[in-house]
Amino acid sequence: MSQQQDTVSRVTTGMRVVDSAGVEVGTVDLVQRGDPAAVTVQAPAPVDPGSSLDELIESAAVEEPDVPADLAARLLRDGYLKVSTDLVRTGAVYVLADRIASVSDGAVRLTVPATELPAEE
């Protein structure tokens, strides 16, 4: 297990997340360990314009991580955290495993400022 994977495996949902400047980012919502085999992200099937509203809503339900495909592939490969936050309009940011400096005292400390974290789309 790589050092990154070991770090991610020590994170639990509900932990506080603090950025490199000591700013409280939010709390961990989702912990996803990396999968080296995850290299491709399937594009969603096109929506039939004749679909019912329920089907449309269902097709719009997005799988994690909700970011551009190239970044999603990297997140899935390396592992990531999804953090609930008030700092972005969408209410969540993603933290790549390699952006985690340490995990201690119920908090995750990052190597980067919150402004560098990709926001959920």
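What counts and how
- Residues numbered from 1 in each chain as written.
- Predicted model: local features only at pLDDT ≥ 70, side-chain atom pairs only at ≥ 80, totals over all residues.
- Heavy atoms only, no water.
- Helix = DSSP H or I, 4+ residues; strand = E, 2+ residues; numbered from the N terminus.
- Buried < 20%, exposed > 50% of the residue type's maximum accessible area, 1.4 Å probe, protein only.
- Contact = heavy atoms within 4.5 Å.
- Salt bridge = Lys/Arg side-chain N within 4 Å of Asp/Glu carboxyl O.
- Pairing = 2+ DSSP bridges.
- Axes fitted to C-alpha atoms, helices over the stretch in contact; angles between N-to-C directions.

Asks: For the environment of alanine 101, give the residues involved together with the corresponding values.
Replies: Following the sequence through the fold, alanine 101 ends up in strand S5 (residues 100-104). Since its relative accessible area comes to 48%, alanine 101 is described here as partly exposed. Taking the C-alpha atoms as reference, alanine 101 lies 9.7 Å from glutamine 4; in sequence the two are 97 residues apart. In contact with alanine 101, not counting residues within four places along its chain, are Arg109, Leu110 and Thr111.

Asks: Go over the pattern of salt bridges, please, and point to the residues and values.
Replies: For the coordinates displayed, the defined rule picks out six salt bridges. Across the salt bridge formed by aspartate 98 and arginine 74, the nearest N and O atoms sit 3.5 Å from each other. Of this pair, aspartate 98 sits in the loop between strand S4 (92-96) and S5 while arginine 74 is found in helix H3 (residues 69-78), placing the two residues 24 residues apart along the sequence. With a relative accessible area of 31%, aspartate 98 lands in the partly exposed category. For arginine 74, a relative accessible area of 29% corresponds to the partly exposed category. Two residues, arginine 99 and aspartate 98, come together in a salt bridge whose shortest N-O distance is 2.9 Å. Several salt bridges share partner residues, and in doing so they unite Arg74, Asp78, Asp98 and Arg99 into one network.

Asks: Go over the sheet that holds S4, please, and point to the residues and values.
Replies: Here we have six strands laid out as an open sheet, ordered S4-S3-S2-S1-S6-S5, and mixed in their pairing. Strand pairing shows two members of the sheet lacking a second neighbour, S4 and S5, which therefore form its edges. If you compare each strand with its neighbour and ignore which way they point, the axes differ by 35° on average. In the sheet, strand S1 (residues 16-18) pairs with strand S6 (residues 107-110) via three bridges, with the strands oriented parallel. Residue arginine 16 lies in a different strand from S6, and its bridge partner there is alanine 107. Packed onto the sheet, H3 meets strand S2 (24-33), strand S3 (79-85) and S4 and runs at close to 110° relative to S3.

Asks: Could you give an account of the pairing of S5, naming the residues involved and the relevant values?
Replies: Note that S5 and S6 share four bridges and pair antiparallel. The residue bridging serine 102 from the neighbouring strand is arginine 109, located in S6. Taking the residues that link successive antiparallel strands as the turn, the S5-S6 hairpin has two residues, and the phi of aspartate 105 there is positive, at about 50°.

Note that every value here comes from positions in space, so none of it alone points to a role or purpose.
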